[in-house]
Amino acid sequence: GGRASRRCWTCSRAQLKKIFWGVAVVLCVCSSWAGSTQLAKLTFRKFDAPFTLTWFATNWNFLFFPLYYVGHVCKSTEKQSVKQRYRECCRFFGDNGLTLKVFFTKAAPFGVLWTLTNYLYLHAIKKINTTDVSVLFCCNKAFVFLLSWIVLRDRFMGVRIVAAILAIAGIVMMTYADGFHSHSVIGIALVVASASMSALYKVLFKLLLGSAKFGEAALFLSILGVFNILFITCIPIILYFTKVEYWSSFDDIPWGNLCGFSVLLLTFNIVLNFGIAVTYPTLMSLGIVLSVPVNAVIDHYTSQIVFNGVRVIAIIIIGLGFLLLLLPEEWDVWLIKLLTRLKVRKKEEPAEGAADLSS
């Protein structure tokens, strides 16, 4: 009995610790995602260059592996040198490690998808308010399910089909909320395209590379930063000289906003990729949903957004669809077990009452 109680106490402490870290991770995900979205909107008032901002922020991905190695040195008992750790993480790409062929076939396509996802998202912020952008991007989870079902042959779940239908219905209602004006339609189309690129990135990663450990994921994201520096740098230069994204002088660039946006986006990606080490994945996803009301409150006080009935219903529908997608695959089995236990308890209660009367 003493041992059992000690085990229960240890188990409850571990669960409480995981839930505590989960709350901290949720707040971090919510604040970093909402903060980066609002800061991007603020940046475009003085610096109208979404692709250059995407390129600048993606360069910071290079810091993933160095930050991971610092954590490895501080926490691990068996410390390895940078070269040893790098070689071990390179096994993720195959027996030959990270060769030039692997770089162009397995890393470069994801670098392009990463850039497209962020660029389309930032370009949409220029067209529509941040509340609509953040809630519409939540549809990427529905797109991930649909692509996984088609491409990866994942298990069919009726509740997730319902969630996908709700996401599509929410997109249509969000478009209707502004009266199908060309400006808002383009912005909504850009966000949906960004969510689609994000879903394609996740499904292709699972299809071509499988699952990655923390060090492997950190190395892969750092490689995306290297790819961005080597091969994407030419595009902002071309856009500058063709005056598509032009600024008069470097002194006019709001460096504080650019660096702040990059740091918040880097923080968001670090927590989203490595937060699973301290808490549940579902709690991390909740942080993305909670960023929607945060953006809505900020938009209410800083912009002229109109929260009519159609927009509110669309936000609720998309949020409900996102929450349905967070249900585990065995949720129906758990629900049946819970209902069975409740029925057994109800049957036992009258039996105990009859026994008391007879005594």
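- As annotated in an unreviewed UniProt entry, the protein chain carries the name Solute carrier family 35 member F3 and comes from Macaca mulatta.

1. Points about the side chain of Ser 184
Right, so step 1: Position of Ser 184 relative to the elements: it lies in helix H9 (residues 182-208).
Right, so step 2: Of the residues examined, Ser 184 reaches a relative accessible area of 7% and is grouped as buried.

2. Describing helix H11 (residues 234-241)
Right, so step 1: Three or more residues of H11 are buried, namely Pro 236, Leu 239 and Tyr 240. End-on view of H11: buried residues confined to an arc of 100°, all on one side of the axis. For H11, exposure combined with an orientation more than 90 degrees from the buried face picks out Ile 238 and Phe 241.
Right, so step 2: Buried-residue contacts for H11 involve helix H2 (50-59) and helix H10 (214-232).
Right, so step 3: Two residues or fewer past H11, Lys 243 is found with a positive phi of approximately 65°.

3. Regarding the pattern of salt bridges
Right, so step 1: Evaluated as defined, the whole model comprises three salt bridges.
Right, so step 2: The partner of Arg 85 in a salt bridge is Glu 88, with the nearest N and O atoms 3.2 Å apart. Placement of both Arg 85 and Glu 88 in helix H4 (residues 82-90) is noted, with a separation of three residues, approximately one turn of the helix.
Right, so step 3: Of the residues examined, Arg 85 reaches a relative accessible area of 14% and is grouped as buried.
Right, so step 4: For Glu 88, a relative accessible area of 33% puts it in the partly exposed group.
Right, so step 5: The shortest N-O distance in the salt bridge between Arg 311 and Asp 132 comes to 3.0 Å. Of the two residues, Arg 311 sits in helix H14 (residues 309-325) while Asp 132 sits in helix H6 (residues 130-137), which places them 179 residues apart along the sequence. Judged on exposure class, the residue Arg 311 and its partner Asp 132 are both buried.

What counts and what doesn't
- Residues numbered from 1 in each chain as written.
- Predicted model: local features only at pLDDT ≥ 70, side-chain atom pairs only at ≥ 80, totals over all residues.
- Heavy atoms only, no water.
- Helix = DSSP H or I, 4+ residues; strand = E, 2+ residues; numbered from the N terminus.
- Buried < 20%, exposed > 50% of the residue type's maximum accessible area, 1.4 Å probe, protein only.
- Arc of directions from axis to C-beta.
- Contact = heavy atoms within 4.5 Å.
- Salt bridge = Lys/Arg side-chain N within 4 Å of Asp/Glu carboxyl O.

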